There are 2 protein chains.
Amino acid sequence: MERKEFRDLASPAEARDAIRSLSLEGGIDRVPLAEARGRVLVARLDAELDVPGFDRASLDGYALRARDTFGADEADPADLELVGEVHAGEEPDVAVGEGEAVEISTGAVMPAGADAMVPVERTTRVEQRSTEQASGETASTAGDTVQIRTSVAPGDNVMFAGADVAAGERALGPGTRITPRDIGLLSALGIDEVPVRSKPTVGIVSTGDELVRPGEDVASERGEIYDVNSYTIAAGVEDAGGEDVLYPHAGDEQDEMERVLREAAADCDLVLSSGSTSASAVDVIYRVIEEQGELLLHGVGVKPGKPMLVGRLEDSAYVGLPGYPVSAMMVFRTFVAPAIREAAGLPEPETATVEGRMAGQERYGEGRLRLMPVGLVADGDGETLVYPVDKGSGATTSLAEADGVVEVAPGTDYLEAGESVTVSLFSPDVRPPTLLGVGEDDPTLSRLLDGLDNPRYLSAGSRPGLRRLREGLPDVAVVAGPTDRDVDAEELGGWEREWGLLVKPGNPDRIEGLGDLVDGDHRFVNRTTDSGLRSSLGAAVADLAADRGVERREIVDSISGFDLGLRAHESPARKVLADEADAGLGLGETADRLELGFVSLGTQRVRVLANPDRRSKPGVAQLEDALESIEPDR
Amino acid sequence: MERKEFRDLASPAEARDAIRSLSLEGGIDRVPLAEARGRVLVARLDAELDVPGFDRASLDGYALRARDTFGADEADPADLELVGEVHAGEEPDVAVGEGEAVEISTGAVMPAGADAMVPVERTTRVEQRSTEQASGETASTAGDTVQIRTSVAPGDNVMFAGADVAAGERALGPGTRITPRDIGLLSALGIDEVPVRSKPTVGIVSTGDELVRPGEDVASERGEIYDVNSYTIAAGVEDAGGEDVLYPHAGDEQDEMERVLREAAADCDLVLSSGSTSASAVDVIYRVIEEQGELLLHGVGVKPGKPMLVGRLEDSAYVGLPGYPVSAMMVFRTFVAPAIREAAGLPEPETATVEGRMAGQERYGEGRLRLMPVGLVADGDGETLVYPVDKGSGATTSLAEADGVVEVAPGTDYLEAGESVTVSLFSPDVRPPTLLGVGEDDPTLSRLLDGLDNPRYLSAGSRPGLRRLREGLPDVAVVAGPTDRDVDAEELGGWEREWGLLVKPGNPDRIEGLGDLVDGDHRFVNRTTDSGLRSSLGAAVADLAADRGVERREIVDSISGFDLGLRAHESPARKVLADEADAGLGLGETADRLELGFVSLGTQRVRVLANPDRRSKPGVAQLEDALESIEPDR
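Throughout this description, residue numbers start from 1 for each chain and increase along the sequence as written. Chains carry letters and ligands carry numbers; both start at the beginning, A for chains and 1 for ligands, and go up in the order they are written. Local features in this predicted model are restricted to residues whose pLDDT is 70 or higher, and side-chain atom pairs enter the listing and the counts only when it is 80 or higher, whereas totals over whole chains, interfaces and linings include all residues. For side-chain calculations, the full set of non-hydrogen atoms in the structure is used, while hydrogens and water are omitted.

Attention shifts here to the overall build of chain A. Starting at the N terminus, helices and strands are each numbered in turn, a helix being any DSSP run of H or I of at least four residues and a strand any DSSP run of E of at least two. Assigned secondary structure in chain A consists of 15 helices and 36 strands. Relative to the globule expectation of 26 Å for 634 residues, the C-alpha radius of gyration of chain A, 37 Å, shows a markedly less compact shape. Residues classed as buried in chain A amount to 55% of the 634 residues present. The contact criterion used is simple: two residues touch if any of their non-hydrogen atoms lie within 4.5 Å. Pairs at least 24 residues apart make up 73% of the contacts formed inside chain A by residues separated by at least 6 positions. Here the Shrake-Rupley method, with its probe set to 1.4 Å, supplies the accessible areas, and only the displayed protein chains count as covering residues. When the accessible surface of chain A is summed, it comes to about 25800 Å², and 44% of that surface belongs to carbon and sulfur atoms. Within this scheme the basic residues Lys and Arg register as positive and the acidic residues Asp and Glu register as negative, but His and the chain ends are omitted. Charged side chains are reduced to one point each, which is NZ for Lys, CZ for Arg, CG for Asp and CD for Glu. Of the side-chain charges in chain A, 63 are positive and 119 negative, and the distance between the mean point of each set is 7 Å. Throughout, the radius of gyration refers to the C-alpha atoms, and the reference size of a globule is 2.2 Å times the residue count to the power 0.38. Relative accessibility thresholds used throughout: buried, under 20% of the residue-type maximum; exposed, over 50%; partly exposed, between the two (1.4 Å probe, protein chains only).

Let's shift gears to the domain arrangement of chain A. Split by domain assignment, chain A resolves into domain 1 (12-25 + 200-344), domain 2 (28-52 + 163-197), domain 3 (56-127 + 143-159), domain 4 (353-432) and domain 5 (447-628). Boundary definitions for the domains trace back to an automatic or database domain assignment. Computed from C-alpha coordinates alone, the two centres of domain 2 of chain A and domain 4 of chain A are separated by 42 Å.

Moving on to the pattern of salt bridges. All names here are of chain A. By salt bridge we mean one thing: a side-chain nitrogen of Lys or Arg within 4 Å of a carboxyl oxygen of Asp or Glu. Per the stated rule, a full pass over the model turns up 107 salt bridges over all chains. In this structure, E291 engages R262 in a salt bridge whose closest nitrogen and oxygen atoms are separated by 3.4 Å. In this pair, E291 sits in helix 6 (residues 279-292) while R262 sits in helix 5 (residues 254-267), placing the two residues 29 residues apart along the sequence. On the basis of relative accessible area, R262 is assigned to the partly exposed category, the value being 23%. Each of E258, R262, R287, E291 and E314 takes part in one network of salt bridges that share partners.

On the chain B side, the residues contacting the 103 residues of chain A number 102 residues. Defined here as a combined quantity, buried area equals the accessible surface (1.4 Å probe) lost by two parts on assembly, summed across both. Where chain A abuts chain B, roughly 8700 Å² becomes buried across the two surfaces, and 52% of that area is made up of carbon and sulfur atoms. Scanning the region where chain A abuts chain B turns up 12 salt bridges. Here D450 of chain A ties to R170 of chain B by a salt bridge, and the two come within 3.0 Å at their closest N and O atoms. By the criterion applied in these results, polar contacts are pairs of N or O atoms within 3.5 Å in which, for protein atoms, one can donate a hydrogen and the other can accept it, and in which residues neighboring in sequence qualify only through two side-chain atoms. At the boundary of chain A with chain B, the tally comes to 35 residue pairs in polar contact (both at pLDDT 80 or more). Going through the elements one at a time, strand 3 (56-57), helix 3 (180-188), strand 15 (225-226), helix 4 (229-239), helix 8 (443-450) and helix 13 (571-577) of chain A are the ones with two or more residues in the side of chain A that touches chain B. Broken down by element, the side of chain A that touches chain B gets its largest block of residues, 8 residues, from helix 3 of chain A. For the side of chain A that touches chain B, the residue count by class is 43 nonpolar, 23 polar and 37 charged. Three residue categories are used. Nonpolar comprises Ala, Val, Leu, Ile, Met, Phe, Trp, Tyr, Cys and Pro, charged comprises Asp, Glu, Lys and Arg, and polar comprises the others, including Gly.

All names here are of chain B. In this structure, R259 sits in helix 5 (residues 254-267). Exposure remark for R259: the relative accessible area of 42% places this residue in the partly exposed category. Linking R259 and R312, residues 53 residues apart in sequence, is a C-alpha distance of 16 Å.

For the rest of this paragraph, the subject is the relation of the copies chain A and chain B. The two copies are related by a screw motion: chain A maps onto chain B through a turn of 180° and a shift of 0.0 Å along the axis, at an RMSD of 0.2 Å. The two molecules are tied by a two-fold rotation axis, judged by turn and shift. In terms of C-alpha distance to the rotation axis, chain A has P428 of chain A as its closest residue, with the C-alpha 4.0 Å off the axis. A share of 99% of interface residues in chain A that are also interface residues in chain B marks the association as one of identical surfaces. The atoms used to superpose the copies are C-alpha atoms, taken from residues with pLDDT of at least 70 in both, and the fit is least squares.

The linkage connecting V51 of chain A with the following residue, P52 of chain A, adopts the cis geometry, with an omega of -10°. Along the chain, P52 of chain A turns up in the loop between strand 2 (45-46) and strand 3. For the bond from K303 of chain B to P304 of chain B, the omega torsion is -5°, close enough to zero to count as cis. Its place among the elements puts P304 of chain B in the loop between strand 19 (302-303) and strand 20 (309-313). For N454 of chain A, which is not glycine, the phi torsion reads 50° and is therefore positive.

All names here are of chain B. Pairing is mixed across the open sheet formed by 8 strands, whose spatial order is 30-29-31-36-32-35-33-34. At either end of the open sheet lies a strand with only one pairing partner, and these are strand 30 (455-458) and strand 34 (565-566). In this sheet, strand 31 (residues 476-480) lies alongside strand 29 (residues 435-439) in parallel orientation, the contact comprising 3 bridges. The residue of strand 31 that forms the bridge with V438 is A477. Here, strands pair whenever DSSP counts at least two bridges between them.

Before going further, it helps to examine helix 8 of chain A. Most of helix 8 of chain A is tucked away, with 6 of its 8 residues classed as buried. Taken as a whole, helix 8 of chain A has its buried residues at P443, T444, L445, S446, L448 and L449 of chain A.

Our focus in this paragraph is the packing of helix 4 of chain A against helix 7 (residues 325-344) of chain A. Residues and elements named next belong to chain A. All axes are obtained by fitting lines to C-alpha atoms, using only the stretch in contact for helices, and the reported angles, taken between N-to-C directions, cover 0 to 180 degrees. Two elements in contact, helix 4 and helix 7, have axes separated by 10 Å at closest approach and are oriented at 25°. With respect to their mutual orientation, helix 4 and helix 7 come out roughly parallel. As for how helix 4 packs across helix 7, the hand of that crossing is right-handed. The segment helix 4 lies against helix 7, with N229, T232, I233, G236 and V237 engaging P325, A328, M329, F332 and I340. Class assignment for the residues of the contact of helix 4 with helix 7 results in 7 nonpolar, 3 polar and no charged. Here the word oblique covers every angle except those under 35 degrees (roughly parallel), over 145 (roughly antiparallel) and from 65 to 115 (roughly perpendicular). Throughout, a crossing is termed right-handed when the near helix is turned clockwise from the far one, and left-handed when it is turned anticlockwise from it by less than a right angle.

Residues and elements named next belong to chain B. Strand order in the open sheet formed by 6 strands is 7-4-6-5-9-8, with mixed pairing between adjacent strands. Where the open sheet ends on each side, the last strands, each with one partner, are strand 7 (116-119) and strand 8 (123-126). Going from strand to strand, the sheet's axes swing by 35° on average, the running direction of each strand aside. As paired elements, strand 8 and strand 9 (residues 145-148) share 4 bridges and run antiparallel to each other. Residue pairing in the sheet places V126 in a bridge with T145 of strand 9.

What follows deals with the packing of helix 1 (residues 12-21) of chain A against helix 7 of chain A. Residue and element names in this part refer to chain A. Two elements in contact, helix 1 and helix 7, have axes separated by 10 Å at closest approach and are oriented at 35°. The handedness of the crossing between helix 1 and helix 7 comes out as right-handed. Along its contact with helix 1, which presents P12, A15, R16, I19 and R20, the element helix 7 presents T334, F335, V336, A339 and E342. Of the residues assigned to the contact of helix 1 with helix 7, the class counts are 6 nonpolar, 1 polar and 3 charged.

This next bit is on the side chain of D582 of chain B. All names here are of chain B. Within the secondary structure, D582 sits in the loop between helix 13 (571-577) and strand 35 (583-587). Of the polar contacts made by the side chain of D582, one reaches the side chain of K504; its length is 3.0 Å. Within the local environment of D582, its side chain forms a polar contact with the backbone nitrogen of R523, the two atoms lying 2.7 Å apart. Setting aside residues up to four positions removed in sequence, D582 forms contacts with L502, V503, K504, D509, I511, D521, H522, R523 and V576.

Our focus in this paragraph is the nonpolar core. We define a nonpolar core as any set of buried Ala, Val, Leu, Ile, Met, Phe, Trp, Tyr and Cys residues linked to one another through side-chain atoms lying within 4.5 Å. I233, L270, L272, F335, V336 and I340 of chain A are the most contacted members of the largest nonpolar core, which totals 63 residues. If you tally residues by element for this core, the top one is helix 7 of chain A, at 12 residues. Of the residues that make up this core, three or more belong to each of domain 1 (12-25 + 200-344) and domain 4 (353-432) of chain A. Ignoring sequence-local partners within four residues, the contact set of I233 of chain A consists of I204, L272, L321, A328, M329 and F332 of chain A. Core analysis: the next-biggest nonpolar cluster, separate from the first, contains 62 residues, I19, F335, A343 and V430 of chain B among them.

Written out as structure tokens, the structure is:
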């Protein structure tokens, strides 16, 4: 197993510079106005016409000479002769002379001779031929007069040509990111197509024989997993203003990988590969870059993200991302997204940051900059607590449970509990959850959470839930079955659930209770000791041992698989479904839902315990109401 | 002219309630994962499988039994027999017994019997058949041993099945707005299609015979103008998470208007009309609503926006917006966009607000809530000054020069200069300009501004520029020609420009100077007195009057059109181009660009004057550098 070693890790600043030195910029697109929102103008647009293009009546009323109204008021109106009318969208066919007025509608062209207008509310029409009008014929204005009950100055109630935008005026500058308001301005200028910066095209190549696209079948026994990076990075590229192009999986076959990389390099401004840190992928990439490009950098002093590659592949920029999804996204966000945004002409997003205190001590002590994904929760005083979200280096999903990132400087040994940190949110519209819960996984709980605004629940099991509550992190812990020690908490409510053994449909093995597992030759699947189900099973084992007058250990050793605990409440059931086990620990509700047989071993209470300091949080109150609704009489 | 009067204006809260009472909500779309970003989940998604689906090696190295490494270290490694290898994407074909190890790659399935793994860096391979390997044949592991130079605990460097996400776990709740991180989670679960809320469809109907779509020719003499509302509202609908449908112009013909309204109502969840406040449009809408719907509200106590209509048209919700673009957008933003967002399931955007001080006194004194568009500028101390942006009720473009809105409570008589106000920004990513300038319009200036980051320039003319600078609003004023009084300002730089008479190509009227305009029978077009060009022309008129020994007024009266001043520096030229005038006041540069004849009357200096308090603003420094580059020797 030969491996390329990383010597002389580049600093994060060097990595940024290397990526910046690659040109990702595309050309110019001409887009219709209707598609221009959010795009970035490449050139200044000047007004080519006056807006409005004519002197325009601002209201419905009468156009006239201001001088003719001087001195007029309610008591002593000025009488003017009506000589015609102008509507919006018509060319005036009359002029206004001394002592004359023209009826005019909002937005119509001011007739020649008129220099002001009076709104209809301040006038009285005196009709000479009211009979004609009553008979249904079109009213003729000839001979009518209008009484003007106010005086106006020249220009009153008239919008002069060019008053809004004047020909030759600078309308929008280069680099403007077009808003709906700018679209209003462009519309007014009659511009229906705008020159905008092309979105940089970003090719995404995932390598790895074990990757399967979502929607297809995954063969876990062969170690297949769903490809997380392709769609995630693609969404990140769109978010940053780029245009993503997904390439088919390259697998680990070298010729195929090279072919896909070259195709992507030919088509795109930037090629991103992930999973390119396996030895064979690195070999191919090194070779292609050496033959047809330039390697600028291999290895950066950040965690996660050390094995990043930066270079050029033919005419395209190239960045190799780590294969692990969390690492890939953190590197993408920190180094690649800013470069895409810059190429797209978009400003750095208003870095939404939040100050908070570390909820607990966090050890570090490495020479690399750490990009630490964190979750946020408001404590009883409304202050923000910050906790690391980390399910281990292979985890794919941690980021969905995180709100932002704390950068921990190289050489930091500890972040102390209570220490102030700055969290840069994943985006300005990230809303920290209204409720943070930790504890037992349960279908009733899932339904309750559906009714809450933006809750976050970490189904870590009853024991970790209690431990975290004791440490003061979550708002609530959800605990099932017997617990070894109490914490200072207030019970908000709870429910009963039936638990037992999930067996094959129809129970062909005739497993009737725990004793059959001890005495028979059945494959059993257990839950981890974190689970409240496991606590109840432990109590049942102790009872059975007492009944039989044997040691507890003897019972346990006779159950094949007792020590193998799975994390999730449905996983044992799914092992039974897949015929990888004959019985699994689980819930009656799960048996019903998955149409399995069920051997009840009892009921256990699930309790929702609130941190006493957090009772006033709206999310906690919402949950309490929801609990009330399922156990109204408590 | 019969008019519907508004009695009993509804309060803004009543208007919100009326719109909320209409159901805009669409159904459910099933979208591919690649298109799910930003959409809103309608149902909870639970994990249907464990992620990873198997116990997985976290690193490249050797899978083994932890017990066999106990006590091993660099000095005293444990020797294990190599019995096979497993790569990612392969099903293991060996098991690990006591004293045995299996080579394993990152992400591969842990073989049966192994409960931990050791990374390759902490091992030394001892090959028994190195000759075979050198000869190029595939290396066989048989007979090799591996020295393990560290001890590990069971579970070390292994990610257990379900450790990331466990089957049955609640993955994403209903109402989740899908982020790239959520797409990562969905990918990991193999989900390739997600049920999301349909975007509410919003039909947009603009009425008015005078409206022309951008890109077509506009006949100003007939009072035609470009339709601003259609594309602007459409962009606002998209911004709010809706799907816009633009209907062809209805004109003012009643049958046609009714047909378009009914078509839109049949197709859309919400119909918006604008320009529906003209008497004939209101008649049609009233009639259609009475026949086929319900009128909930007519008239709201806000300014702008009084003539808003809310009701139902057949099965669709209906809101009638004012015709004036600024009014239409303010009403849309305040009342309609929140309803669209709610129907789309999107959260209210983090209301980005800014506290600032009023730059000057603003009179109000009406009984309606005022939605006042404002611009922002940082003063010398970094505090935010707020000034109203208002070009009059017919203006189409004010909003492109505004950053947000101040709500002024009904009954407020004044906002005092220096009074604190809260500005709600148009969107959280609004960036107030880095430089605010007011003054003369000039092509050189336009080019200089192109090189600055996000400047804002109000080309109001030299006189208003000086006045505003005196009042302390802008960072710089740009002033051309002679000025009547000085302000306390620092000149950053400037340039010379040639000015004179723009005449028809080839100068067929043989206009050689100002004297010819006085003596001949030519139609002249002037600029307003706000313009620095007009000041220089005034000086030239005075000189000519002195030369001829006549009164200044005599000269002025002999030039046909002298008193008609246009606002923009190109507008007179465009009148000459359109043969509506024989000569216009303008710049040599404009004559060149529009290929007109030019009679020079002199040069004038354009000066950029900075507010002394603002010299340290980055935008001012940028402008000073740009000025330096065009007049390096000054």
